[in-house]
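Chain and residue survey
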Amino acid sequence: MKYLKLNDGNQIPAIGFGTYKATEEEGIEAVKTALRNGYRLIDGAAKYENEVAVGKAIKESGIPREEIFVTTKVWRENLGYENTKKAFEDSLQKLNLDDVDLYLIHWPANAKNFENWQEINAETWRAMEDLQKEGKIKSIGVSNFWVEHVEALMKTAKVKPAINQIEFHPGYWQPEVTEFCQKHGIVVEAWSPLARGKVFENEALKKIAENHGKSVSQISLRWIVQHGVVPIPKSTTEERILDNISIFDFELNSDEMKTMNELPEMGFSGELPNIWPDRIPQE
Ligand SMILES: NC(=O)c1ccc[n+]([C@@H]2O[C@H](COP(=O)([O-])OP(=O)(O)OC[C@H]3O[C@@H](n4cnc5c(N)ncnc54)[C@H](OP(=O)(O)O)[C@@H]3O)[C@@H](O)[C@H]2O)c1
């Protein structure tokens, strides 16, 4: 497994495993299969309601805890200092772990919903800084933050976010946020890296995949890795789980990168941090 260095001295695997909608038995099996096939980053969230399953899978995998990079996230209804501390303890208990490697603010409080959105995010962050100081979280970060949200947070933050996890896949990759984060030493993680299956319908991607003798999934994930971004694909099928991690034995050339950068919008979720929880309706 390759690793990227974080701005707090920790390191994160170059690819991870997503667990959205993988609950109960299916979730346990999927996470165990991922770990057996070499994944060392498991991306979870309180909102996915599968922390118990993720925790069980980690224990049952037989892989030493310290080799696995465990992420969970505080949901938007639990923002604020006391709420975040409580939500974190609840997650830790469900995961049945002593600590997590990464804790993220799942979605920022935003101007549409809260007059004092900056203060809510700042207080949430202060709780995360305190939990980090107590040794319960190794790295702290954000998710779905635009530049304006990161800049506002940095006004009071003592610790810079190590990560920003955003929607990032061919056809929708938020280059402005990515560039800003990378310039400030914040590693970007790519959620829905396969656009929840939409990438498989694209002819340009099929052609690039064919040229390399790889799958559309592999070239999509490889494109993300070559942007210095950490993809966290989700699958419940062993063959696909293995396919998705087998992306370190080939390289896309600059023309292919450019073609993929310039693809028309495809697979956008409709979710934006400044209107959340509303979404832009998609076809
Ligand atoms: N921070 C956030 O707000 C946020 C939001 C959304 C997601 N996430 C995280 O990002 C992770 C990934 O995103 P996602 O689950 O939305 O979508 P995704 O990884 O882009 O796509 C998952 C879909 O692609 C299929 N798939 C996976 N690998 C495949 C392959 N090699 N060939 C064909 N089909 C394949 C899966 O089907 P099968 O399962 O049937 O294989 C599944 O239906 C989530 O699980 C979650 O951890 C975070």
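Just so it is clear, the model here is predicted, and its values are computed rather than measured. (Residues numbered from 1 in each chain as written. Predicted model: local features only at pLDDT ≥ 70, side-chain atom pairs only at ≥ 80, totals over all residues.)

1. Looking at the nonpolar core
Membership of the largest hydrophobic core comes to 79 residues, with the highest contact counts inside it found for V31, V70, Y103, F168, V187, A190 and V230. When residues in this core are grouped by element, the largest group, six residues, is from helix 8 (residues 216-226). Setting aside residues no more than four positions away along its own chain, A190 makes contact with F168, H169, I224, V229, V230, P231 and I232. (Core = buried A, V, L, I, M, F, W, Y, C linked by C-beta atoms within 7 Å. Buried ≥ 20, exposed ≤ 12 C-beta atoms within 10 Å, placed from the backbone. Helix = DSSP H or I, 4+ residues; strand = E, 2+ residues; numbered from the N terminus. Contact = placed C-beta atoms within 7 Å.)

2. Concerning the environment of E176
Counting through the fold element by element, E176 comes out in helix 6 (residues 175-183). For the pair E176 and W146, spaced 30 residues apart in sequence, the C-alpha separation works out to 8.8 Å.

3. Topic: the site of the ligand
Of all residues adjacent to the ligand, which total 26 residues, the nearest are G18, Y20, L194, K234 and S235. Per-element tally for the shell around the ligand: the top contributor is helix 9 (residues 238-245), with three residues. Here the shell around the ligand is composed, by residue class, of seven nonpolar, 14 polar and five charged. (Near = placed C-beta within 6 Å. Nonpolar A, V, L, I, M, F, W, Y, C, P; charged D, E, K, R; others polar.)

4. Some points on the pairing of strand 9 (residues 187-191)
Of all the five residues making up strand 9, five are buried; the element is thus mostly covered by neighbouring parts of the structure. With five bridges connecting them, strand 8 (residues 163-167) and strand 9 associate as parallel partners. Note on strand 9: the bridge partner recorded for I166 is A190. Remark: the strand 8/helix 6/strand 9 crossover connection has right-handed handedness. Note that strand 9 and strand 10 (residues 230-231) share two bridges and pair parallel. The partner of E189 across the bridge, within strand 10, is V230. (Pairing = 2+ DSSP bridges. Right-handed = clockwise from strand over helix to strand, strands pointing away.)

5. Brief notes about the sheet that holds strand 5 (residues 69-74)
If you trace the eight strands from one edge of the open sheet to the other, you get 3-4-5-6-7-8-9-10, paired in parallel fashion. Two strands bound the open sheet, and with one partner strand each, they are strand 3 (17-18) and strand 10. In this structure, strand 5 lies alongside strand 6 (residues 100-105), joined through four bridges in parallel fashion. Note on strand 6: the bridge partner recorded for K73 is L104.

6. Brief notes about helix 1 (residues 24-36)
Three or four residues apart is the spacing at which side chains of an α-helix point the same way, because the helix has 3.6 residues per turn. Taking 1.5 Å of rise per residue, the 13 residues of helix 1 would be expected to cover 18 Å, and the 18 Å separating its terminal C-alpha atoms lies within 8% of that figure. Residues of helix 1 that are buried: G27, I28, A30, V31, T33, A34 and L35. Elements that come into contact with the buried residues of helix 1 comprise strand 3, strand 4 (41-43), helix 2 (51-61) and helix 9. One or two positions beyond helix 1, positive phi appears at G38, with a value near 105°. (Expected span 1.5 Å × (residues − 1).)

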